[in-house]
There are 2 protein chains.
Amino acid sequence: MAESEPKFSGAEYFEGVEKLLEIWFTHTDGKAKNCDLRSIPRNKWESLLQIVHCEVISFSSNELVDAYVLSESSMFISKNRFILKTCGTTTPLQCLEPLIMLVNQHAGFNSYEDVFYSRKNFKRPDLQKSPHRTFDEEVELLNAIFKDGSSYCLGEEDSECWYLYTLHPNNVPQLAQPDQTLEILMSDLDPKVMSLFTKASSSSALEATKKSGIDKLIPNMRIDDFLFDPCGYSMNGITKSGYYMTIHITPELEFSYVSFETNIPQSSYKDVISRVIETFKPGKFVVTIFANKASPASASTHEMQKLSRFGPWMQRDIQFCRLNNYDLTYTFYSKFPS
Amino acid sequence: MAESEPKFSGAEYFEGVEKLLEIWFTHTDGKAKNCDLRSIPRNKWESLLQIVHCEVISFSSNELVDAYVLSESSMFISKNRFILKTCGTTTPLQCLEPLIMLVNQHAGFNSYEDVFYSRKNFKRPDLQKSPHRTFDEEVELLNAIFKDGSSYCLGEEDSECWYLYTLHPNNVPQLAQPDQTLEILMSDLDPKVMSLFTKASSSSALEATKKSGIDKLIPNMRIDDFLFDPCGYSMNGITKSGYYMTIHITPELEFSYVSFETNIPQSSYKDVISRVIETFKPGKFVVTIFANKASPASASTHEMQKLSRFGPWMQRDIQFCRLNNYDLTYTFYSKFPS
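Predicted, not measured: the structure shown is a model, and the values here were computed from it.

Colleague: If you had to explain the overall build of chain A to someone new, which residues and values would you point to?
Modeller: Broken down by element type, chain A carries seven helices and 17 strands. Over its C-alpha trace chain A gives a radius of gyration of 19 Å, about what one expects of a compact globule, namely 20 Å for 338 residues. Principal axes of the C-alpha set define a box for chain A whose edges measure 55 × 45 × 40 Å. For chain A, the residues scored as buried account for 61% of the 338 residues in total. Pairs at least 24 residues apart make up 67% of the contacts formed inside chain A by residues separated by at least 6 positions. Summed over all atoms, the accessible surface of chain A reaches about 13,000 Å², with 50% contributed by carbon and sulfur. If you average the places of the 34 positive and of the 43 negative side-chain charges in chain A, the two averages end up 5 Å apart.

Colleague: Summarise the packing of helix α2 (residues 96-107) of chain A against helix α3 (residues 135-145) of chain A; cite the residues concerned and give the values.
Modeller: Residues and elements named next belong to chain A. Across the interface, α2 lies against α3 with an axial gap of 11 Å and an inter-helix angle of 30°. One way to sum up the angle between α2 and α3 is to call them roughly parallel. By crossing handedness, the relation of α2 to α3 is classed as right-handed. Together, L96, E97 and I100 of α2 and L141, L142 and I145 of α3 make up the contact between the two elements.

Colleague: Could you give me a rundown of helix α1 (residues 42-52) of chain A, with the residues and numbers involved?
Modeller: All names here are of chain A. Among the residues making up α1, those that are buried are W45, L48, L49 and V52. The arc that holds every buried residue of α1, seen down its axis, measures 100°, which confines them to one face. Tucked inside the fold, the buried residues of α1 contact β2 (56-61), β3 (65-70), β4 (73-78), β5 (81-86) and α2. Downstream of α1 by one or two residues, H53 has phi in the positive range, about 75°.

Colleague: How would you summarise the nonpolar core if you had to cite specific residues and measurements?
Modeller: In this structure, F260 and F280 of chain A together with F260 and F280 of chain B are the most contacted members of the largest nonpolar core, which totals 82 residues. If we ignore the near neighbours within four places in the chain, the residues touching F280 of chain A are M186, L189, D190, V193, M194, F197, I214, L217, I247, I249 and V258 of chain A.

Colleague: If you had to explain the interface of chain A and chain B to someone new, which residues and values would you point to?
Modeller: Contact with chain A, which involves 23 residues of that partner, is made by 23 residues of chain B. Each partner contributes to the roughly 2,000 Å² buried at the junction of chain A and chain B, and carbon and sulfur atoms together form 33% of this total. The interface formed by chain A and chain B contains eleven residue pairs in polar contact (both at pLDDT 80 or more). Residue assignment for the side of chain A that touches chain B shows that the elements contributing at least two residues are β7 (150-155), α7 (300-306) and β16 (313-322) of chain A. Looking at the side of chain A that touches chain B, the element that brings in the most residues is β16 of chain A, giving eight residues. The residue inventory of the side of chain A that touches chain B, partitioned by class, reads seven nonpolar, eleven polar and five charged. Taken together, the three bridges between β16 of chain A and strand β16 (residues 313-322) of chain B define a ladder with antiparallel strand orientation.

Colleague: Please provide a residue-by-residue account of the UniProt feature "active site" (unreviewed entry) in chain A, values included.
Modeller: Residue and element names in this part refer to chain A. With numbering aligned to this structure, UniProt lists the feature "active site" (unreviewed entry) at S73, C87, S234 and H248. A maximum C-alpha distance of 11.2 Å places the annotated residues, which cover 176 residues in sequence, within one compact spot. Its place among the elements puts S73 in strand β4. With respect to the helices and strands, the residue S234 is situated in strand β11 (residues 233-238). Among the residues examined, S234 registers a relative accessible area of 0% and is labelled buried.

Calculation criteria
Residues numbered from 1 in each chain as written. Chains lettered and ligands numbered in written order. Predicted model: local features only at pLDDT ≥ 70, side-chain atom pairs only at ≥ 80, totals over all residues. Heavy atoms only, no water. Helix = DSSP H or I, 4+ residues; strand = E, 2+ residues; numbered from the N terminus. Rg over C-alpha atoms; globule rule 2.2 N^0.38 Å. Buried < 20%, exposed > 50% of the residue type's maximum accessible area, 1.4 Å probe, protein only. Contact = heavy atoms within 4.5 Å. Areas by Shrake-Rupley, 256 points an atom, 1.4 Å probe, with all protein chains shown as cover. Lys, Arg positive; Asp, Glu negative; His and termini not counted. Charge placed at Lys NZ, Arg CZ, Asp CG, Glu CD. Axes fitted to C-alpha atoms, helices over the stretch in contact; angles between N-to-C directions. Parallel < 35°, antiparallel > 145°, perpendicular 65-115°, else oblique. Left-handed = near helix turned anticlockwise from the far one by under 90°. Arc of directions from axis to C-beta. Core = buried A, V, L, I, M, F, W, Y, C linked by side-chain atoms within 4.5 Å. Buried area = accessible area lost by both parts, 1.4 Å probe. Polar contact = N/O pair within 3.5 Å; in protein donor to acceptor, adjacent residues only side chain to side chain. Nonpolar A, V, L, I, M, F, W, Y, C, P; charged D, E, K, R; others polar. Pairing = 2+ DSSP bridges. UniProt positions renumbered as here; feature names shortened; annotations may be inferred.

Shown next as structure tokens:
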């Protein structure tokens, strides 16, 4: 989003693909009730983000979740769940050890219920900083910190694929509370739609949000949006019941990329996916759905197997992976024969 | 199977995990009817196998298929399908270019309908010869020969996983004829069962085949079996209708490994899988099923999703992958919490 060379076309390469870290903390002595990640002071989060090479540019909050728009993507903090999603050449895995110390000191947690680190394949891995140049290198760092994690590559290796490192410690009971995450990772987007996310076309983030229809994607979201100069867009949405959505847009034609993510519970994501892809008109996109057994989305795998096309977008690849605590469905769609 | 140090226990490490190459040949000018891989002379196959570092030790045949037992596993040749499965430190990908020339010169084919190269993760990749030390290296060689192939890693990377490289050229129509392959790749096997596959316990291959119950696994198979000295076992079975089965056993306790493979069509593989694992009693095993749309096995994915356990063996991982021409299901089972 934030670029050093401010040109919509002919711009310096920017990696829109995000690294996504989600950690559910707990306390091994059953003291988790008294722990809260939101007890961590703002200046501590800001110091942590310096290690990642990004900073807070906007903040919104309600009783259940704190949502940060970052110079590169977003951070969501709730009682026991930490989500950090960062694009460009940020280094989120470098903050893991300081994060764990910070969480222990200020929030009181001393263990993990679930850890997820995931990302799509980078378009330009050569531009990344260590340990993010290869997934192997990322896994090596994660394994040095966490024990018994599992790593997966879903989709076609070295082509359209999505990497996941996940850990659910055996001594931690399965979450009874429903949880689900939908991600839609879009590439080669429609230039007309992308042009909305430039200062040249939209005078404000609000205007870009409304003109594009982002405000219509999921109802009842309180939106905190940001339009970058000269181009690029980020938004966080939160609901009173603690659900979130987040969208990040790299609009430059040569490397356009849009990510959409939400944890709203749905028994079918067909309509949400349709609205998102009709809004952004990607040439190709990856859909990933995590759902635990208690989630209404637990039938998503069966649904996605049946969704062999969304209008002009054909399903090219589908993979299903049963994890310890979650079912995971990966699908890849593209408009033209690949 | 063939070891340099003849000890059942304390033996030199032998990699039972096979590299499996399956190529369906065709002719771009519709002349495939006049082509036949079985026109290739035996001495040409033997020269080819020298490049792979293995040799023919037994042969059986019927109207539809030629089946070779090799010093390291098996080779099956039918009109347009080539299957080479080799264990140890053999180098099957080194024979690809000479194979393609041989097939063109003596069998007349000039193109491929489908190409599959697959293997489980090696226990000791460090002992392999190039290009088999890493899957990346194998894919690099395959991509240098074939265009537009896709590579996958199913299961947990660097742990229990199974690699696949596959190619279905876009200009080749989808196979209308039903096709399916079931593989069961077993590790940590029962020592009592394994001891049957030693010269000390069985005086002949036939005795090992009967005492173990291998002859009862699939009916109507004409069996060509071989018992290695001092231990190790291979068998090929073929039916009049052209189906095959093949089993390879590395019985040494420290690195016991058994592979089972067949292409018999079944609407459910539950009974076959049960018979195989009850015969060999592995600590853990991988099941892979390929089935095209015309195959009665095309519902296998749904079936395997429901088979969360086989007696004491619990399903730990399941992945499903929709390829161009085939659906592929990967599952991993183990006896004890892993």
